[in-house]
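What follows is the residue order along each chain.
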Amino acid sequence: MAITDEPLRRVLVTGGAGYIETRRYKVISVDNNHNSHPKSLQRVAQLARDALPQDASEKDKDSAEIEAVTCDLTKKDEIRGVFEKYGKGGIWGVIHIAAYKAVGESTEVPLTYYENNVSATVYLLQVMSEYDCPRLVYSSSATVYGTPPTIPIPESTRLQADSPYGKTKVMSETIIQDLCAAEPQRWRALSLRYFNPAGAHPSGLIGEDPRGRPGNLLPLLAHMAVGRVKDDKLSVFGNDYPTPDGTCVRDYLHVMDLAKGHLLALDALSPSSNVFDNCPTEARFKAYNLGKGKGMSVLQIVEAMRKATGFDYKYVIIGRRRGDVPDLTADPTLAEKELGFKATHDLETMCRDLWNWQTKNPDGYDTPETSKVNSA
Ligand code: UD1
């Protein structure tokens, strides 16, 4: 049967529907709104509606409507409540993104991290099993590699995360892999190891809106340029790393590329996909790096943001930040070869889109509609 004749596949996305625009899947978003804003979902839906062609079918229109459910994934009954609404087999697959992600914080409150990131994943998998939904795309992180022995980093690198946060990602991957090994005819799962997501939707309608002072480099630079963070200097965490300019190197990839990676991964869970054909065992589990394969130093990022914003950044070199590693650059060849994934957006575009979002929404989603008119 041609794919167009099939009913839309319902996909549950935990941790926000983000940037997933597609006419092949029907998104149900579950979130506890801990670090996200309900307005972002309204805007995602608006973008999806705007992208519909004139002659959109009812099915196309249906795909643009996102169902949003508030759910605490550490409460199994709440997850059951979501699945119960659609019944056994009613949800085709899950993209599990929801997690806490601050490395420093995870060293202070590890149990909170293990509960929210690991227990929640176990509960989710149990309920998926109960409701006959054995397909998963898991949002992992380059942090699973700890301090990697080789750069660029292939997926075959041993997993050795340093922080409790990183360990929650390794543990969750392990749990998912064990489940795929236990029921190889039933489960299919892909783990996506994100490198450093950056940028925003090119429309400027959706973007990252961290609560409080941003801890990550690019959002912090955007907040400085827009005047939301008043520091007169950026603190650069160390310039004595074994990298070209001594500052840490990261593999930044545009969130639009990241979103595309999720769609490709979802497609790869279909019966017709052959990504599991070369798995070492019967277990249909695989991990892919999502990165550009191009590393950028902190100083290169500051320079790129200077160009994008026109803001005259000053910086001061301070000591290293605990937990930072010199270089996290992906070897993205496996995802390209097997998923057809290629991160095409360059650093300039990431910075431009981030700045477009920030100027249109200086106070993030709390920006009053009227004050946006003359900006950007
Ligand atoms: C961080 C997390 C990572 C997580 C990701 C989520 C750490 C150690 N790692 O990645 O696990 O998945 O965010 O988005 O927290 N920098 C400065 N000054 C600043 C802020 C950052 O010099 O004020 C430097 C950092 O040392 C780092 C680079 O900028 O080398 C990027 O930092 P950041 O944006 O926080 O990302 P990561 O630390 O790579």
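Structure first, text after, so check above.
Overview of the structure. Because the structure is predicted, anything quoted here is derived from the model rather than measured.

## Some thoughts on the pattern of salt bridges
Stage number 1. Counted by the stated rule, this structure contains 22 salt bridges.
Stage number 2. A single salt-bridge network, built from bridges that share partners, covers Glu303, Arg306, Asp312 and Lys314.

## Details of helix α7 (residues 217-226)
Stage number 1. Most of α7 sits out of view: 9 of its 10 residues are buried.
Stage number 2. Listed as buried for α7 are Leu217, Leu218, Pro219, Leu220, Leu221, Ala222, His223, Met224 and Ala225.
Stage number 3. Its buried side turned inward, α7 meets β7 (196-198), β8 (234-237), β10 (252-254), α9 (298-309) and α11 (347-360).
Stage number 4. The first or second residue beyond α7 is Gly227, which carries a positive phi of 85°.

## Describing the sheet that holds strand β4 (residues 93-96)
Stage number 1. Taking strand neighbours across the sheet as the criterion, the 7 strands line up as β3-β2-β1-β4-β5-β6-β11 in an open arrangement whose pairing is parallel. The strands lining the two open edges of the sheet, one partner per strand, are β3 (67-70) and β11 (285-290). The mean angle between the axes of side-by-side strands here comes to 20°, regardless of whether they run parallel or antiparallel.
Stage number 2. Relative to β4, strand β1 (residues 9-14) runs parallel, the two sharing 4 bridges. Bridging across to β4, Leu12 finds its partner in Val94.
Stage number 3. Running at roughly 155° to strand β5 (residues 135-141), helix α6 (residues 164-182) makes contact with β5, β6 (188-194) and β11 of the sheet.

## Here's the deal with the packing of aromatic side chains
Stage number 1. Taken as a whole, this structure holds 5 aromatic pairs when the rule is applied.
Stage number 2. Judged by centre distance (4.8 Å) and plane angle (65°), the ring pair of Phe311 and Tyr313 falls under edge-to-face.
Stage number 3. The class of Phe311 is partly exposed, set by a relative accessible area of 28%.
Stage number 4. Over the aromatic face of Tyr241 sits the side chain of Arg320, whose NZ or CZ is 3.9 Å from the ring centroid.

## What to know about the site of the ligand
Stage number 1. Surveying the vicinity of the ligand reveals 20 residues, the closest of which are Leu217, Ser235, Arg250, Arg321 and Asp324.
Stage number 2. In this structure, Phe237 approaches the ligand through a main-chain N or O atom, which is 2.9 Å from an oxygen atom.
Stage number 3. One nitrogen or oxygen atom from the side chain of Arg250 is found 2.6 Å from an oxygen atom belonging to the ligand.
Stage number 4. Here the ligand has 740 Å² of accessible area as a free molecule, and 89% of this is covered by the chains.
Stage number 5. Counting residues per element, the ones that place at least two in the shell around the ligand are α7 and β8.

## Some points on the sheet that holds strand β12 (residues 296-297)
Stage number 1. Reading across from one edge, β12-β9-β14 is the order of the 3 strands in this open sheet, with mixed pairing throughout. Taken across any chain shown, the strands that pair with only one partner, and hence form the sheet edges, are β12 and β14 (327-328).
Stage number 2. Taken together, the 2 bridges between strand β9 (residues 249-250) and β12 define a ladder with antiparallel strand orientation. Bridge assignment links Arg250 to a residue of β12, and that residue is Met296.

## Digging into the environment of Lys286
Stage number 1. Within the secondary structure, Lys286 sits in strand β11.
Stage number 2. Along the primary structure Lys286 and Glu155 are separated by 131 residues, whereas in three dimensions their C-alpha atoms are 9.3 Å apart.
Stage number 3. In this structure, Lys286 is in contact with Ala189, Leu190, Ser191, Val275, Phe276, Asn278, Cys279 and Glu338, ignoring residues within four places of it in sequence.
Stage number 4. There is a polar contact of 2.3 Å between the side chain of Lys286 and the side chain of Asn278.

Rules used throughout
- Residue numbers restart at each chain and count upward from 1, following the sequence in its written direction.
- In view of the model being predicted, local features appear only for residues whose pLDDT reaches at least 70, and side-chain atom pairs are presented and counted only at 80 or more, with totals across whole chains, interfaces and linings using the full set of residues.
- For side-chain calculations, the full set of non-hydrogen atoms in the structure is used, while hydrogens and water are omitted.
- Whenever a carboxyl oxygen of Asp or Glu lies within 4 Å of a side-chain nitrogen of Lys or Arg, that contact is scored as a salt bridge.
- The buried label applies to any residue whose accessible area, calculated with a 1.4 Å probe on protein chains only, is under 20% of its type's maximum; exposed applies above 50%, and partly exposed to all values in between.
- Counting from the N terminus, the helices are the DSSP runs of H or I reaching at least four residues and the strands are the DSSP runs of E reaching at least two.
- Any two residues whose heavy atoms approach within 4.5 Å are treated as being in contact.
- Should DSSP find at least two bridges between two strands, the strands are regarded as paired.
- Orientation is described by lines fitted to C-alpha atoms, with helices fitted over the stretch in contact, and by angles between N-to-C directions that extend from 0 to 180 degrees.
- Working definition: a ring pair exists when centres of Phe, Tyr or Trp rings (six-membered ring for Trp) sit within 6.5 Å. Plane angles under 30 degrees give stacked, over 60 give edge-to-face, the rest tilted.
- Working rule: Lys NZ or Arg CZ, within 6 Å of ring centre, within 35 degrees of ring normal, means a charge sits over the ring.
- Near residues are defined by distance, with any heavy atom within 4 Å of the molecule or strand qualifying the residue.
- Whenever a nitrogen or oxygen atom comes within 3.5 Å of another N or O atom, the pair is scored as a polar contact, on the condition that within protein one atom can donate a hydrogen and the other can accept it, and that pairs from neighbouring residues in sequence are kept only if both atoms are in side chains.
- A 1.4 Å probe and the Shrake-Rupley method give the accessible areas. Residues count as covered only by the protein chains that appear here.

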